[in-house]
Amino acid sequence: MKSIGYGGDYNPEQWPREVWDQDYAAFELANINTLTVGVFAWAHLQPAEDRYDFTMLDATVERAAAEGKNIVLATPSGAMPPWLAHKYPEACRVDFEGRRHVYGQRHNACPSNPDFRRLAVELADKLAQRYGDIPAIVAWHVGNEYGGACYCPQCAAAFRDWLKKRYDGFDRLNAAWNTTFWSHTFTDWDQIQPPTALSEHWRGPGHTAFQGITLDYKRFMSDALLDGFVAEKAAIRGHVPHTPVTTNFMGLYQPIDYHRWASHLDFVSWDNYPPEDPSASRTAARMALAHGLVRGLRGGDPFWVMEQTPSVTACRDVNSVKRPGVLRLWSWQSVAHGADAVLYFQMRQARGACEKYHGAVLDHAGRTDTRVFREVAALGGEFHQVGDMLLGARTPARVALLVDWDSWWALEMSDGPNRNVGYINVLTAYHRTLWQANALVDVVPVTADLSGYDVVVAPLLHMVKGDFADRVTALVESGGSFVTTALSGRVDEDDNAFLVDVPGPFAALLGLRVEETDAQQPDVTNPVTLADGRVSDSRHVFEVIIPDEATEVHGTYSADFYAGTPAVTRARRGQGSAWYVGTLLDDDGVEAIIRTVLDEHDLTGPLADVRDVEAVERVSPDGTRYLFVLNHTGATRVTRSPVDGDDLLSGRDLSAGDELVLEPADVLVVRCR
Amino acid sequence: MKSIGYGGDYNPEQWPREVWDQDYAAFELANINTLTVGVFAWAHLQPAEDRYDFTMLDATVERAAAEGKNIVLATPSGAMPPWLAHKYPEACRVDFEGRRHVYGQRHNACPSNPDFRRLAVELADKLAQRYGDIPAIVAWHVGNEYGGACYCPQCAAAFRDWLKKRYDGFDRLNAAWNTTFWSHTFTDWDQIQPPTALSEHWRGPGHTAFQGITLDYKRFMSDALLDGFVAEKAAIRGHVPHTPVTTNFMGLYQPIDYHRWASHLDFVSWDNYPPEDPSASRTAARMALAHGLVRGLRGGDPFWVMEQTPSVTACRDVNSVKRPGVLRLWSWQSVAHGADAVLYFQMRQARGACEKYHGAVLDHAGRTDTRVFREVAALGGEFHQVGDMLLGARTPARVALLVDWDSWWALEMSDGPNRNVGYINVLTAYHRTLWQANALVDVVPVTADLSGYDVVVAPLLHMVKGDFADRVTALVESGGSFVTTALSGRVDEDDNAFLVDVPGPFAALLGLRVEETDAQQPDVTNPVTLADGRVSDSRHVFEVIIPDEATEVHGTYSADFYAGTPAVTRARRGQGSAWYVGTLLDDDGVEAIIRTVLDEHDLTGPLADVRDVEAVERVSPDGTRYLFVLNHTGATRVTRSPVDGDDLLSGRDLSAGDELVLEPADVLVVRCR
Amino acid sequence: MKSIGYGGDYNPEQWPREVWDQDYAAFELANINTLTVGVFAWAHLQPAEDRYDFTMLDATVERAAAEGKNIVLATPSGAMPPWLAHKYPEACRVDFEGRRHVYGQRHNACPSNPDFRRLAVELADKLAQRYGDIPAIVAWHVGNEYGGACYCPQCAAAFRDWLKKRYDGFDRLNAAWNTTFWSHTFTDWDQIQPPTALSEHWRGPGHTAFQGITLDYKRFMSDALLDGFVAEKAAIRGHVPHTPVTTNFMGLYQPIDYHRWASHLDFVSWDNYPPEDPSASRTAARMALAHGLVRGLRGGDPFWVMEQTPSVTACRDVNSVKRPGVLRLWSWQSVAHGADAVLYFQMRQARGACEKYHGAVLDHAGRTDTRVFREVAALGGEFHQVGDMLLGARTPARVALLVDWDSWWALEMSDGPNRNVGYINVLTAYHRTLWQANALVDVVPVTADLSGYDVVVAPLLHMVKGDFADRVTALVESGGSFVTTALSGRVDEDDNAFLVDVPGPFAALLGLRVEETDAQQPDVTNPVTLADGRVSDSRHVFEVIIPDEATEVHGTYSADFYAGTPAVTRARRGQGSAWYVGTLLDDDGVEAIIRTVLDEHDLTGPLADVRDVEAVERVSPDGTRYLFVLNHTGATRVTRSPVDGDDLLSGRDLSAGDELVLEPADVLVVRCR
């Protein structure tokens, strides 16, 4: 591609042909260069099992290619047509309540159903065969927003097969699931049921009697859905040897372990719909985290934002419009964190059904004189102006933030100590302090090579797998800093407790043992006095820590029977340090600790003293550094340029120390000298 | 009838015969003249499919007739007997969750089940044959409180038949439902499933992926239930040529479109159980709205209150007693709004089961020396004293408030912009201002002839059907005022967006287009400065309006990026005006606008300056005007009589300007001179 | 036994043999003398239907016996093994929503399933045969925490059989259920369905259309579960003629009527897991109530605490640790109220599944140098020191507090007057005032012999059965005091209203009738002025009382239309008094009335003026009085000894009047002279 990908989902089949001309005229106005076509097209591509009809897609692809657009061609398996569900009722899922669904909605196919699989793969094959040679197609897009789960008998059978591969017989399986508890010893594969409201669960998907069973089912289901992607990709590869294949992820999406998926995609893309949050900076930080996660899936490679809305969503209780400048700000933030394409859902607003009020580049009346279209077009102009300069650029991070789906799952389905501890809440709290510090952060799995980092932050690393403890110890010995928190180091890969002092494999590194874990209602706080005298409230969980003699205490509880005992510790090991935060500190407490660590490694970024102004760097393949400065506040912020360079958007030539007046939602992209 | 109908549901079959004498003695004390019998009597009328037993009903009817009471004879189809459900399990419904129910409760028969239909009609036929000639029977009452929905395979088949009639083949159906979206193109009738938690719905009945399917199912289900009524009525008409047939409606009841039903009833009746509301005036206004709706169902004809409680309900979480005087106040309010009968559920309190604590004229001990009985008897005395003077009187309203079930349904199942917008909340807010102004209001469907009105108020008219926009334009051109609100004019009869500027067919009349619709959480307000300088908060939705040049701005937003832009507009067209309120104003804002409109047409009613005192007029067939004055406050209010006349209740002779001292809950019924 | 039983659930099968030695070493340190084994052992005792394996249990029992421990041998029917559910799917329950469950969790067997019953009984038989002669076994423990309900076709059939026995044909059944209401007359047993979400219930288990059906199903289900216990007990008795048999109850557990069960147990035991409550004294009072209930099940006999946690639970949202001293305090409270054994769940912490974070005597690391282990061991030392002195001691109470499951059920499933009235809330409110007064209280069923009591307190005695009214009248006539409340005396054993004035059979005794029952939202209060001038808020229900002439008014409403009318009355009858509290008073109001009554009978206990300090007496078989003093506050309380004696724990010699300095959580066990 010659510049940042810009465009989005385009479904001209929903409109009469005469509208198409209007569409392309508008695309020109907005410098749209990329169109995703074919998502949800199954019903017209294959009106019956024995009948295909490519008329509409042919016309769509022809026109798009003729107009010089990059095409992302989607397989339509994200939504099956009515005839399929009617003919093969078992292609519909059985839900967590044990109910077989019938036709409706989308993203609803059983991943284990052979008919659905066969039909999806056949259609992918046909599409690849027909369109595989078209040069305008820059990427293939399989399915859509994979997710959810099925609990049908076919999935039960597939789960048993998956377990047979994972466990070498019943002894290992029964040990993994600790089945001696509550008389659950399994002696025949057919005795094993998917964990649902009708078997192991009480009070919903988060409450299971046997965490091990539910955990394995989550792993299995993630893999089962992946199998569908892999099968379609293989069909495409039968005809298309090189064009990259992707699917659109959903960022911090709990049901799917994207780390199990990432190696199967040629590049990663995701849909950026941040949850509503009255705090603009929390929203910005959360998007930064998700971008970082996505970028971390494939070792720092650039990714695509496959979807974002030009203004409103529709599926929420309250769907507010994006304020003036926000679309531009968030789009450039995507690029700042590694996106090589920023696409919309959708190019033209659907007329009916549940997304008729979802925003689009073109509204129901097709106007181009609206505020939203004007902002879309202006951004297109900026992307066009920047061209290919930023493509392929990478983030030179020396801080790693660890995300681990197994820990996320295990922690949130754990009975005890405290259901009010949310993995994402704590993860985002730690990330926000890194973000406020404008530290460059890679968000990586526990299997990532840690040797390139100076600082590794691992909140709520509940489960410790493989040689992780050894690797992080090596990092610390050689001068790195490791920060982890309460509820880390509790269970092994099977979710069984380590039969040693808490925090298990980390105890030696951290130089302490946790003797008790207190929990309190959300309104109870225990002020923690930090080493520098500052006091920060802690809440939810309060670990009673017995430190080794050499371990430094960096924070102490001030209330309850453990008043005066350590809440935060630091153990010096070799050249480095291992930090432990034995409770959930409020943001200011987390920030105090993280800043101390970053400062010691000189990793606090530029403009870190300007609250809610983000400064992020990307380095292009030719070594040029680009500094993105993003004002996420609603106010003007005045500071000084940290670099010499020229701002690609305003054309202004900057020297380090020049005054920078950042208007609300302002964006700078400084090519550094 | 010779006076206002007074009495209620009477089930002597629940009691030994010796109690009957007590009952009638008490009825005499209270001037009870009307008894509804036979509701829920199926089990003893037909103890088995092949056996009927009219002994009890014969005795009941004979006695009531002998005592000179008007009889309302009910068919018992509101609750089937156990043997029926046991023999025909498919007579029980399948619920929204897809679960087939078994025997229990009431109002639970599948409307599409042929066995239930046959048995209900046969029994109605038998009743009509046996009792059709009895002169004491003044009305027939079919079933009871029709409502709810069934989603069984029989209903699915009936739905498909209904669709075949509605749509001329799949092209029209697929267009109506916009099935190209999400690959839903239907190609066979059997592919169509009722919209349930197992098909199109997520997060409950209000959240559907395909609004068009759910909307049509609601229409179908309303019609399917109506079919049952129509079939029983036809059976009755086979033997009873003239006695009117009705069923009891439930006022502002969302599941049934009473406008689809009204023409099939000979007169309308309804059950008045207002929801608990700490505000007495809100409750009073809401009852007035419901009375108006019911009266509007058949062009302003008088109606019956078929049920109200003498004091307490039982089915609510908290069931408070009616305070002293409230029973009288509310009963006279019913008459003021057009009721020719005011009946109770129930004459004697049930001994067991779920209504054993529901209030009754006679309590478990059968006492007549209780506060409640005394109030019942005193009211009976007043009704008796007034005689037939008010029967058949009509309301000379020149204001129309529009209610549209399709808009109600479409709006509340819409994804976006804001789930916190409730149709009834906004409808009642606009109605309350009319009610506070003591304007006489007809509550009518969008198909009503508007030519007789000066003012038409249409809050949240989300869907615009047929020639409505033309008719309302004609009204305005000829001098009328039209008031509508945000979220009106959005979709056509199929719930598809109009492919023109919002608000679609109203845009020209209103002289504006809506470019964006912002939505905010309930705690966010945007103060709107009105033309007269007053400021009223707005919330939930905020439409960004681009007015035509000639359109007058009567209110502007004062916050957010659309501060200073229009929130309320007025377009002058011909002799009249079209008002648009592009946000949801708080009550004071709505009142400011509505009063302006009413005043311009001189339609503000008498005593409008006395807060929470209602003044309503009715005109009897002989042209006599009756003014009802109702003090809904807990305080004494002093004002002056707006008319010359005599108060039928106190006998006082009034001249306009005389001081009126209205005690709490006071009622005047002034026959005007 | 030679001293208070001390120990708990021990599942060595979950651990390698080498751990066992550690276990017993730790048991020695903590004076553990009692081990419960075999709970949940089914899967290893019977790995397949035709195969038994007692190897593990043999070793466990042998070792425990060799170590000199008392053994409680459990049958494992609390959790069936996978093979059983797989082979007999109908052994799994059908839930309230009508869904058949599959294998999972525990406590999930259908009580009517013949295969489960047969297999459970066979295994109990085998266990009794094998281990019946072992002298170390001091008790047999059948199943575990019986509870829940099944609604399957087998249970439906069993319910019909139960009904056939209860009712002499359909006339009686239809009358009991008042089926004439809503056409429910049953004419065939097969028409009767379990009351579920698919039949009579709406909005969950508490909302039924026919209270009588649901009430009978609750009674039936309690009996059906009891049948399982009885059958296993019979099998044990086939081999074990004398060793007592029990099962562990759950205190104030609504689903099971323990009064229907108690006579079938040889002694009662229960599991003490008080709900989290920020108020320590409310928690303490609630435990006291539960202890009293359990002790009252078998006429005051000592009971066992079969389970409590050494520190944390795991199944709650928030699981806090027991603060220092609390374990000791609560354990001694158990003994103070009649426990002869105080056991833990569990001896060693489970490694995996849903109780891996539930507290244990030994944690995952097996440490004995933790705070929790130290407290466990110290308490064991105290119990050891006290020896057998307290065994068999009884509580010389002269106050009876009535608990009635039928009233509990009937009240909480009643439609009207107020769903916010919780039986336990009111019961505990009345109990708390008795507890604060340190009155000795027996908690007994309505069938208990009342002649031994001076005061009988019966809050919310909604249902009046048998000759209760006569017996309580006799008590009052002979000098006793009876206190009852609003909503008492409303229904007969079938939940049908009495066809006389409220409160039915109590009206004559109380000297009043209730004419109306008002209900209000929780935020509405009506201050009641008591006889002594104090004012206490009342809320939820407000009965309008018409007192007889001689009835004394002890409290009057001060608001609403019944202001100035009686809220609290006292009727003097013979030598005694009958008190009626016609509303729900706040705690201070309840306390004012209860203290008046206690004081009149000189039943206020020692130290009643020291808030939240409990003083309880037990009298050993040899007539020695023991006074337990328990400081439930977090503060030091200074008072004076009410008795002469020696404190068994500190060894201090006390004379009446000596200063007592009670530290937080302090415990005294004074052997009185």
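What you see is a predicted model; the values in this text were computed from it and never measured.

Examining the environment of C:Arg374
Residue and element names in this part refer to chain C.
For step 1, the next point in the chain: Position of Arg374 among the secondary structure elements: in helix H12 (residues 371–386).
For step 2, the next point in the chain: With a relative accessible area of 49%, Arg374 lands in the partly exposed category.
For step 3, the next point in the chain: Along the backbone, Arg374 and Ala30 are 344 residues apart, and their C-alpha atoms lie at a distance of 8.1 Å.
For step 4, the next point in the chain: There is a polar contact of 2.8 Å between the side chain of Arg374 and the backbone oxygen of Asp369.

A word on the UniProt feature "domain: Glycoside hydrolase family 42 N-terminal" (unreviewed entry) in chain A
For step 1, the next point in the chain: Taken from the UniProt record, the annotation "domain: Glycoside hydrolase family 42 N-terminal" (unreviewed entry) applies to residues 9–385 of chain A.
For step 2, the next point in the chain: Annotation note: span residues 9–385 of chain A, helix share 40%, strand share 9%, distance between end C-alpha atoms 23 Å.

What about the relation of the copies chain C and chain A?
For step 1, the next point in the chain: Superposition of chain C onto chain A requires a rotation of 120° combined with a translation of 0.1 Å along the rotation axis, giving an RMSD of 0.0 Å. In short, the pair behaves as if placed about a three-fold rotation axis. Across chain C, the smallest distance between a C-alpha and the rotation axis is recorded for C:Arg99, namely 5.5 Å.

Points about the sheet that holds strand E1 (residues 5–9) of chain C
Residues and elements named next belong to chain C.
For step 1, the next point in the chain: With respect to topology, nine strands assemble into an open sheet ordered E5-E4-E3-E2-E1-E9-E8-E7-E6, the strand pairing being parallel. Strand pairing shows two members of the sheet lacking a second neighbour, strand E5 (245–246) and strand E6 (248–249), which therefore form its edges.
For step 2, the next point in the chain: The pairing of E6 with strand E7 (residues 269–271) spans two bridges and is parallel. Looking across to E7, one finds that Asn248 is bridged to Ser269.

Structural notes on the interface of chain B and chain A
For step 1, the next point in the chain: Contacts between the two partners involve 54 residues from chain B and, on the opposite side, 50 residues from chain A.
For step 2, the next point in the chain: Counting the surface lost from both chain B and chain A, the interface buries some 4,400 Å², and carbon and sulfur atoms represent 53% of this.
For step 3, the next point in the chain: Linking chain B to chain A there are nine salt bridges.
For step 4, the next point in the chain: Salt-bridge contacts for A:Arg371 lead to B:Glu516; the nearest nitrogen and oxygen are separated by 2.7 Å.
For step 5, the next point in the chain: Run the count over chain B and chain A and you get 27 residue pairs in polar contact (both at pLDDT 80 or more).
For step 6, the next point in the chain: Tallied by class, residues from the side of chain B that touches chain A come to 17 nonpolar, 22 polar and 15 charged.

Focus on the interface of chain C and chain A
For step 1, the next point in the chain: Opposite the 50 residues of chain C that make contact, chain A presents 54 residues.
For step 2, the next point in the chain: Its largest share of buried area at the contact with chain A, chain C owes to C:Gln105, C:Arg351 and C:Tyr357, together 16% of the area lost on that side.
For step 3, the next point in the chain: There are nine salt bridges connecting chain C and chain A.
For step 4, the next point in the chain: A salt bridge links A:Asp501 to C:Arg367; the shortest N-O distance between them is 2.5 Å.
For step 5, the next point in the chain: There are 27 residue pairs in polar contact (both at pLDDT 80 or more) connecting chain C and chain A.
For step 6, the next point in the chain: Residue assignment for the side of chain C that touches chain A shows that the elements contributing at least two residues are helix H2 (42–45), helix H4 (82–87) and H12 of chain C.
For step 7, the next point in the chain: A per-element tally of the side of chain C that touches chain A places H4(C) first, with three residues.
For step 8, the next point in the chain: Each residue belonging to the side of chain C that touches chain A can be placed in one class, and the counts come to 25 nonpolar, 11 polar and 14 charged.

A look at unusual backbone geometry
For step 1, the next point in the chain: The residue after B:Gly416, namely B:Pro417, is reached through a cis peptide bond having omega -5°.
For step 2, the next point in the chain: Within the secondary structure, B:Pro417 is located in the loop between helix H13 (405–412) and helix H14 (423–436).
For step 3, the next point in the chain: Here C:Val502 and C:Pro503 are connected by a cis peptide whose omega angle stands at 5°.
For step 4, the next point in the chain: On the secondary structure map, C:Pro503 appears in the loop between strand E13 (481–485) and helix H16 (507–510).
For step 5, the next point in the chain: You will see that A:Ala353, though not glycine, has its phi angle at about 75°, which is positive.
For step 6, the next point in the chain: The topology assignment puts A:Ala353 in the loop between strand E9 (339–344) and helix H12 (371–386).
For step 7, the next point in the chain: A:Ala353 sits in the buried class, given a relative accessible area of 5%.
For step 8, the next point in the chain: Notably, B:Ser183 is not glycine yet its phi reads approximately 60°, a positive angle.
For step 9, the next point in the chain: With respect to the element layout, B:Ser183 can be found in the loop between helix H7 (170–177) and helix H8 (211–237).
For step 10, the next point in the chain: A residue is classified by how much of its surface remains accessible, and B:Ser183, at 1% relative accessible area, is buried.

Some words on the nonpolar core
For step 1, the next point in the chain: A:Trp332, B:Trp332 and C:Trp332 are the most contacted members of the largest nonpolar core, which totals 559 residues.
For step 2, the next point in the chain: Dropping the residues within four chain positions of it, C:Trp332 is found in contact with C:Ile4, C:Leu379, C:Glu382, C:Phe383, C:Val386, C:Leu390, C:Phe628, C:Leu630, C:Leu649, C:Val667 and C:Val669.

Remarks on the domain arrangement of chain A
Residues and elements named next belong to chain A.
For step 1, the next point in the chain: Per the domain assignment, the segments making up chain A are domain 1 (5–149 + 223–386), domain 2 (153–214), domain 3 (399–600) and domain 4 (613–672).
For step 2, the next point in the chain: The distance between the C-alpha centroids of domain 1 and domain 4 comes to 31 Å.
For step 3, the next point in the chain: Contact with domain 1, which involves 18 residues of that partner, is made by 14 residues of domain 4.
For step 4, the next point in the chain: Buried surface at the junction of domain 1 and domain 4, summed over both partners, amounts to about 1,300 Å²; 64% is from carbon and sulfur atoms.
For step 5, the next point in the chain: Three residues stand out in domain 1 for area buried against domain 4, namely Leu329, Trp332 and Ala336, and they jointly supply 40% of the buried area on that side.
For step 6, the next point in the chain: Scanning the region where domain 1 abuts domain 4 turns up one salt bridge.
For step 7, the next point in the chain: Where Asp340 meets Arg618, a salt bridge forms, and the shortest distance between an N and an O atom there is 2.9 Å.
For step 8, the next point in the chain: At the boundary of domain 1 with domain 4, the tally comes to seven residue pairs in polar contact (both at pLDDT 80 or more).
For step 9, the next point in the chain: Counting residues per element, the side of domain 1 that touches domain 4 draws most heavily on helix H11 (residues 326–336), which supplies six residues.

Points about helix H5 (residues 114–131) of chain B
All names here are of chain B.
For step 1, the next point in the chain: Across its 18 residues, H5 extends 26 Å between first and last C-alpha, which sits within 8% of the 26 Å expected from 1.5 Å per residue.
For step 2, the next point in the chain: Those residues of H5 that fall on the buried side of the exposure criterion are Phe116, Leu119, Ala120, Leu123, Ala124, Leu127, Ala128 and Tyr131. With its buried residues spanning 165° around the axis, H5 presents them on a single face. More than 90 degrees from the buried face of H5, the exposed residues found are Pro114 and Gln129.
For step 3, the next point in the chain: In this structure, the buried residues of H5 make contact with helix H2 (42–45), helix H3 (55–66), strand E3 (70–74), helix H4 (82–87), strand E4 (137–141) and H8.

What counts, and where the lines are drawn
Every residue gets a number counted from 1 within its own chain, in the order that chain's sequence is written. By the order in which they are written, chains take letters starting at A while ligands take numbers starting at 1. Side-chain atom pairs in this predicted model are given and counted only at pLDDT of 80 or more, local residue features only at pLDDT of at least 70, and totals for whole chains, interfaces and linings cover all residues. Side-chain metrics in this entry use all non-hydrogen atoms of the structure; hydrogen atoms and water are not considered. Secondary structure elements are taken from DSSP: a helix is a run of H or I of four residues or more, a strand is a run of E of two residues or more, and numbering for both begins at the N terminus. Buried means the residue's accessible area, taken with a 1.4 Å probe over protein chains only, is under 20% of the maximum for its type, while exposed means over 50%, and partly exposed covers the values in between. Think of a polar contact as two N or O atoms within 3.5 Å of one another; within protein, one of them needs to be a possible hydrogen donor and the other a possible acceptor, and neighboring residues in sequence only count if both atoms come from side chains. UniProt positions are given in the numbering used here, feature names are shortened, and annotations may be inferred rather than shown by experiment. The superposition of copies rests on a least-squares fit of C-alpha positions from residues with pLDDT of 70 or more in both. Here, strands pair whenever DSSP counts at least two bridges between them. Here, residues are in contact when the closest pair of their heavy atoms is within 4.5 Å. Buried area: the accessible area, evaluated with a 1.4 Å probe, that two parts lose upon being put together, summed over both parts. Here a salt bridge means any side-chain nitrogen of Lys or Arg lying within 4 Å of a carboxyl oxygen belonging to Asp or Glu. Residue polarity follows a fixed list, in which Ala, Val, Leu, Ile, Met, Phe, Trp, Tyr, Cys and Pro are nonpolar, Asp, Glu, Lys and Arg are charged, and the others, Gly among them, are polar. Side-chain atoms within 4.5 Å link the members of a nonpolar core, which is a set of buried Ala, Val, Leu, Ile, Met, Phe, Trp, Tyr and Cys residues. All the domain ranges listed were derived from an automatic or database domain assignment. To estimate the expected span of a helix, count its residues, drop one, and scale the result by 1.5 Å. The arc in question is the one spanned by the directions pointing from the helix axis to the C-beta atoms.

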